[in-house]
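Structure at a glance
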Amino acid sequence: MGFYGPEPFDTAEATYVWTGLGAPGFFSVSVKGNAPNFTSNIQLVRDPHFVGGLAIDVMGWTGPLGQGTTPYAVRGTFNGLFLPKILIVGQNKRLLIDVKEIPFTTDEAYVNHLKATAKQPEPA
């Protein structure tokens, strides 16, 4: 039987996308790590009880428990006002990370930017 709980992570990045004057933007958060085998549905979840900023929990379903790990990468977006740092919380650590800023006029422009950078080949 599986159980829902925090998952370990190795690295985390956050970017705040400004979507225009008079409108709040959003955080685009990506996390990479190695989860225990038989882990599924890893997702980033805003901690509703965290006061004084933004805390993101790395959560997933694990079970049955087995040996070994499997690499994963997950991304999530969270609306809100700009903060220079956010907290990422996993099973193995709590990490306060710096937030990069990207000005875009619309969220569609940011999505198009992500698609364009994903299609570029890596240098040899």
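These lines cover the structure that appears in this document, whether it is placed above or below.

Each value, and the rule that gives it
- Residues numbered from 1 in each chain as written.
- Predicted model: local features only at pLDDT ≥ 70, side-chain atom pairs only at ≥ 80, totals over all residues.
- Heavy atoms only, no water.
- Salt bridge = Lys/Arg side-chain N within 4 Å of Asp/Glu carboxyl O.
- Helix = DSSP H or I, 4+ residues; strand = E, 2+ residues; numbered from the N terminus.
- Buried < 20%, exposed > 50% of the residue type's maximum accessible area, 1.4 Å probe, protein only.
- Contact = heavy atoms within 4.5 Å.
- Phe/Tyr/Trp six-rings, centres within 6.5 Å; stacked < 30°, edge-to-face > 60°.
- Pairing = 2+ DSSP bridges.
- Lys, Arg positive; Asp, Glu negative; His and termini not counted.
- Polar contact = N/O pair within 3.5 Å; in protein donor to acceptor, adjacent residues only side chain to side chain.

Things to note about the pattern of salt bridges
Pairing of side chains with opposite charge becomes possible as their charged atoms draw close. Within the structure shown, the criterion is met by one salt bridge. Put simply, Lys85 and Asp98 hold a salt bridge, and the shortest N to O gap is 2.4 Å. Residue Lys85 is found in strand E7 (residues 85–89), and its partner Asp98 is found in strand E8 (residues 94–103); the two are separated by 13 residues along the sequence. A residue is classified by how much of its surface remains accessible, and Lys85, at 41% relative accessible area, is partly exposed.

Things to note about the side chain of Thr15
Along the chain, Thr15 falls in strand E2 (residues 11–18). Not counting residues within four places of it along the chain, the set of residues in contact with Thr15 comprises Phe26, Phe27, Ser28, Val99, Lys100, Ile102 and Tyr110.

A look at the environment of Val45
Mapped onto the fold, Val45 is located in strand E4 (residues 39–46). Each C-alpha atom, one on Val45 and one on Ala55, is 8.5 Å from the other, the two residues being 10 residues apart in sequence. Excluding residues within four positions of it along the chain, Val45 makes contact with Tyr4, Ala55, Ile56, Asp57, Met59 and Phe78.

Considering the packing of aromatic side chains
Counted under the stated rule, the structure contains five aromatic pairs. Aromatic side chains Tyr4 and Trp61 sit 5.2 Å apart centroid to centroid with 45 degrees between the ring planes, which places their arrangement in the tilted category. Of this pair, Tyr4 sits in strand E1 (residues 3–6) while Trp61 sits in strand E5 (residues 55–62), and the two are 57 residues apart along the sequence. Measuring from ring centre to ring centre gives 4.9 Å for Tyr16 and Trp18, while their planes differ by 75 degrees; the resulting arrangement is edge-to-face. For Trp18, a relative accessible area of 33% gives the class partly exposed.

Overview of the pairing of E8
Two elements, E2 and E8, share five bridges in a ladder whose sense is parallel. Residue pairing in the sheet places Trp18 in a bridge with Pro103 of E8. Relative to E8, E7 runs antiparallel, the two sharing five bridges. For Ile86, the partnering residue across the bridge sits in E8 and is Ile97. Hairpin connection between E7 and E8: a loop of four residues separates the two successive antiparallel strands.

Concerning the side chain of Glu7
Note on placement: Glu7 falls in the loop between E1 and E2. This buried residue, Glu7, is left without a salt bridge; Lys93 holds the nearest opposite charge, at 14 Å. Within the structure, Glu7 has its side chain in polar contact with the side chain of Thr62 (distance 2.7 Å). Aside from chain neighbours lying at most four places away, what touches Glu7 is Ala35, Pro36, Thr39, Ile42, Val58, Met59, Gly60, Trp61, Thr62, Gly90, Gln91 and Asn92.

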